[in-house]
Amino acid sequence: PTTFSSGLTAMEKKLAEYKCNTNEAIQLKLVRFPEDLEDDNTTFNPEYSHQVFGDDEVAFGYKGLKILLYYIAGNLSTFFRIEYTSKVNEKFDCVEADDVESKIREIIPPGFCTNTDDFVSLLEKEVNFKPFGMLLHTYSIHNEEAGEDITYQIYKADMTCPGFREYHERLQTFLMWFIETASFIDVDDERWNYFLVFEKYNKDGATLFATVGYMTVYNYYVYPDKTRPRVSQMLILPPFQGEGHGAQLLETVHRYYMSSPTVLDITAEDPSENYVKLRDFVLVKLCQDLLCFSPVKLMQGFSQEMVTEAQQKLKINKQHTRRVYEILRLRATNMGDAEQSRSYRLDVKRRLIGPYKKKQRELAKMRRCLRPEEMTNQLNQIDLNMQREQLEDTFQQLVSDYRRVLERLAQA
C-alpha cells in the first residue's frame, strides 16, 4: 500500500500546484488614468468569491492564474481578461481545468472589453459621464495624501434615468465580491430606490465623477397608506472604505425619508455587524439633540416618548431607538459610581434577558412532559448559571461596542 499512496501523493502534489485561491487571483481596479492599468497600487481583491467559485474559493487547473476585472471609475465600463502561466491538459493530465471564464461571464453583463486599447479609448470618453438622478447631498473630506479637500455627492436614482439600468448591472457585480450573502435584485420592481455616492475629481482641467458606493432600499407597503423602507444592500467600494462615506450615505438616506409623511420608519434586511455599528453611530448622531434624550430623561429609563419622537421625527423604529437610548444613557452615566453603573447594567440586562426567559419557559414546558421533577430543577440551575455568564459576556461586548460609537461621535 505504501507505494500506491506515494504514487497518489505525487499525482496529488502535481494537481495541488494547479489550485489557485480565487480571492487572490481576481484583481479589481477602478481606473481614472491610463497609467492606473500598470500601477499595482490601484489593484484590490475580493473579500469573498464563494458565490462564484464554491465554498473553498479555489479555481482548479491553472498556475499563476490572474482574473483581471478593471472598471472605468465613473460609468464602470468593464475590461475582463484571464491570464495564467500554465494550464492542465485533458490529453496529458486526464483532468479538466475549471471553466473560469464562463463563471465570471455569468455575473458580469455582456459588452465588456477584452483588450486594453479598446478600454483606454473608452476611458477618453469618460469626461461625458454624469451621475444619475437627483442630487441629495454634497460633502467634502480632507485627503491627507492629496493635501486637499475632496468633494463627494450623493444622488437618488431610478430605472427611468437614461443609462442607469445598464450602469446598475455593472455596479452590482461588486456585491458578489464584498457582501457575503449577496444577491442581485429585480430591477423591474418599481419599489426599489437607489442611492449613489460619487467623488468629483479633475482630469486635464475637466471635472469628472468616480463611483464610490451605493445603497438599495426597498419600500414595503404598510396598510393602509404608509411605507416602511428597508435597506437591502450597501457597499462602499474598498478604495474608499474607512473614510466616513457609509455614515454620510446612511444619514442622507434617513434625511430623505424623514421628509416624507407616508414613511413609518426605516429597517434593514439581515444587517451585518459592521452595518449595525454604522447605524448605531448615525442614529445616535441624529437623536442626541431630541428633548426626550436629555440626560435627566435618560436616567428615568426607556420611555414611549422616545419611541414616538424618534419614529415621528427621524423615522427610527422602536428596536433601534432602544439601542440609541442605551448608548446615550451610557454617555450620561458615571460608570465609576456604583449606584449609577448598577442601575445601567440592570436596565440593559433586563432587555437582554427577554429572549432567554421566553426560551426558558418553552424548555420548562417540554421538560414537564418528559422528565421527573427533581431532574428539571437541577437542569434549571445549570441553565441559570450558564445564562448569567452568557448575559454578562453579552453585556460587556455591548458596552465596548457602545463606547466605540461614543468615541466616534466625540470626534465627529
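Definitions and limits used
Residues numbered from 1 in each chain as written. Predicted model: local features only at pLDDT ≥ 70, side-chain atom pairs only at ≥ 80, totals over all residues. Heavy atoms only, no water. Helix = DSSP H or I, 4+ residues; strand = E, 2+ residues; numbered from the N terminus. Buried < 20%, exposed > 50% of the residue type's maximum accessible area, 1.4 Å probe, protein only. Contact = heavy atoms within 4.5 Å. Areas by Shrake-Rupley, 256 points an atom, 1.4 Å probe, with all protein chains shown as cover. Lys, Arg positive; Asp, Glu negative; His and termini not counted. Charge placed at Lys NZ, Arg CZ, Asp CG, Glu CD. Pairing = 2+ DSSP bridges. Axes fitted to C-alpha atoms, helices over the stretch in contact; angles between N-to-C directions. Salt bridge = Lys/Arg side-chain N within 4 Å of Asp/Glu carboxyl O. Polar contact = N/O pair within 3.5 Å; in protein donor to acceptor, adjacent residues only side chain to side chain. Core = buried A, V, L, I, M, F, W, Y, C linked by side-chain atoms within 4.5 Å. Domains from an automatic or database assignment. UniProt positions renumbered as here; feature names shortened; annotations may be inferred. Parallel < 35°, antiparallel > 145°, perpendicular 65-115°, else oblique. Left-handed = near helix turned anticlockwise from the far one by under 90°. Nonpolar A, V, L, I, M, F, W, Y, C, P; charged D, E, K, R; others polar. Expected span 1.5 Å × (residues − 1).

Chemist: Quick question: what am I supposed to make of the overall build of the protein here?
Modeler: In terms of regular secondary structure, the protein is built from 15 helices and 14 strands. Viewed in the frame of its principal axes, the protein has a C-alpha envelope of about 75 × 70 × 45 Å. Split into buried and exposed, the 412 residues of the protein put 46% on the buried side. Considering only residue pairs separated by 6 or more positions, the protein has 67% of its internal contacts joining residues 24 or more positions apart. Summed over its atoms, the accessible surface of the protein is roughly 22,400 Å², and 49% of this surface lies on carbon and sulfur atoms. One way to put it: in the protein the 52 positive side-chain charges average out to a point 9 Å from where the 62 negative ones average out.

Chemist: It is not clear to me how the sheet that holds strand E6 (residues 66-72) should be interpreted in this structure. Could you clarify?
Modeler: Strand order in the open sheet formed by 4 strands is E3-E2-E6-E7, and the pairing between neighbours is mixed. Looking at strand neighbours, the two that pair on one side only are strand E3 (43-44) and strand E7 (78-83), the edges of this open sheet. Judged from the 2 bridges that link them, strand E2 (residues 26-31) and E3 form a sheet pairing that is antiparallel. Note that in E3 the partner of Lys 29 across the bridge is Thr 43. Where helix H5 (residues 100-107) meets the sheet, it contacts E6 and E7, and its direction lies at approximately 165° from that of E7. Contacts from helix H6 (residues 116-124) reach E2, E6 and E7, with the element oriented near 20° to E6.

Chemist: Please explain the sheet that holds strand E13 (residues 226-236) as it appears in this structure.
Modeler: Hydrogen bonding along the main chain pairs the strands of a sheet, whether they run parallel or antiparallel. Spatial strand order, E9-E10-E11-E12-E13-E14: 6 strands in an open sheet with mixed pairing. Edge strands, defined here as strands with exactly one partner in the open sheet, are strand E9 (134-143) and strand E14 (267-268). By the bridge criterion, 12 bridges tie strand E11 (residues 192-203) to strand E12 (residues 206-222) in an arrangement that is antiparallel. In the sheet register, Tyr 194 faces E12, and the bridge partner there is Thr 216. Contacts from helix H7 (residues 164-171) reach strand E10 (148-157), E11 and E12, with the element oriented near 85° to E11.

Chemist: Even after reading the chapter, I still don't get the pattern of salt bridges, so can you show me in this structure?
Modeler: In a structure, side chains of opposite charge can pair up when their charged atoms sit close to one another. A complete count under the given rule lists 19 salt bridges for this structure. Here Glu 101 and Arg 105 are joined by a salt bridge, their closest N and O atoms 3.0 Å apart. Taken as a pair, Glu 101 and Arg 105 lie in helix H5 at a separation of 4 residues, close to a single helical turn. Residue Arg 105 is classed as partly exposed on the basis of its relative accessible area of 44%. Linked through salt bridges whose partners overlap, the residues forming this network are Arg 322, Glu 326, Arg 329, Asp 347 and Arg 351.

Chemist: When you look at the side chain of Gln 233 in this model, what are you seeing that I'm missing?
Modeler: Tracing the chain through its elements places Gln 233 in strand E13. Within the structure, the side chain of Gln 233 is placed 3.3 Å from the backbone oxygen of Ser 183, a separation counted as a polar contact. Excluding anything up to four places from it in sequence, Gln 233 contacts Leu 175, Ile 179, Ala 182, Ser 183, Ile 185, Tyr 214, Met 215 and Thr 216.

Chemist: Honestly, the side chain of Asn 193 in this entry has me stumped. Any pointers?
Modeler: Topologically, Asn 193 is positioned in strand E11. When near neighbours in sequence (up to four residues on either side) are disregarded, Asn 193 contacts Lys 156, Met 215, Thr 216, Val 217, Asn 219, Tyr 256 and Tyr 257.

Chemist: Honestly, the nonpolar core in this entry has me stumped. Any pointers?
Modeler: One broad trend across soluble globular proteins is that nonpolar side chains are buried collectively. Judged by nonpolar contacts, the single largest core of 108 residues is most densely connected at Trp 177 and Phe 293. Both domain 1 (15-126) and domain 2 (130-331) contribute no fewer than three residues apiece to this core.

Chemist: Teacher, can you tell me more about the UniProt feature "site: Interaction with histone H4 N-terminus" (unreviewed entry) in the protein here?
Modeler: Feature annotation in UniProt places "site: Interaction with histone H4 N-terminus" (unreviewed entry) on Trp 192, given in this structure's numbering. Within the secondary structure layout, Trp 192 lies in strand E11. Take Trp 192: its relative accessible area is 11%, and that puts it in the buried class. Residues in contact with Trp 192, not counting those within four places in the same chain, are Ile 185, Asp 186, Thr 216, Val 217, Tyr 218 and Ser 232. At 3.4 Å, the side chain of Trp 192 and the backbone oxygen of Asp 186 are in polar contact.

Chemist: Just to check I follow, could you spell out the packing of helix H9 (residues 245-258) against helix H10 (residues 273-287) for this structure?
Modeler: Geometrically, a packed helix pair is captured by the angle between its two axes and the distance between the axes. Where H9 contacts H10, the two axes come as close as 10 Å, and the packing angle between them is 55°. Put simply, H9 runs oblique to H10. In terms of crossing hand, the pair formed by H9 and H10 is right-handed. Where H9 abuts H10, its residues Gly 246, Ala 247, Leu 250, Glu 251, His 254 and Arg 255 lie against Tyr 275, Leu 278, Arg 279, Phe 281, Val 282, Leu 283, Lys 285 and Leu 286. Here the contact of H9 with H10 is composed, by residue class, of 8 nonpolar, 2 polar and 4 charged.

Chemist: Help me out: how do you make sense of helix H12 (residues 304-314) in this one?
Modeler: Counting along an α-helix, one turn takes 3.6 residues, and residues three or four places apart therefore face a common direction. Every buried residue belonging to H12 is among Met 306, Val 307, Glu 309, Ala 310 and Leu 314, and all of these are buried. As for H12, its buried residues are in contact with H9, H10, helix H11 (295-299) and helix H13 (318-332). Just past H12, the residue Lys 315 takes up positive phi, approximately 60°.

Chemist: Help me understand H9, please; the structure alone is not making it clear to me.
Modeler: An ideal rise of 1.5 Å per residue puts 20 Å on 14 residues; H9 measures up with 20 Å between its terminal C-alpha atoms. The element H9 is extensively covered by neighbouring structure, given that 10 of its 14 residues are classed as buried. Burial in H9 covers these residues: His 245, Gly 246, Ala 247, Leu 249, Leu 250, Glu 251, Thr 252, Val 253, His 254 and Tyr 257.

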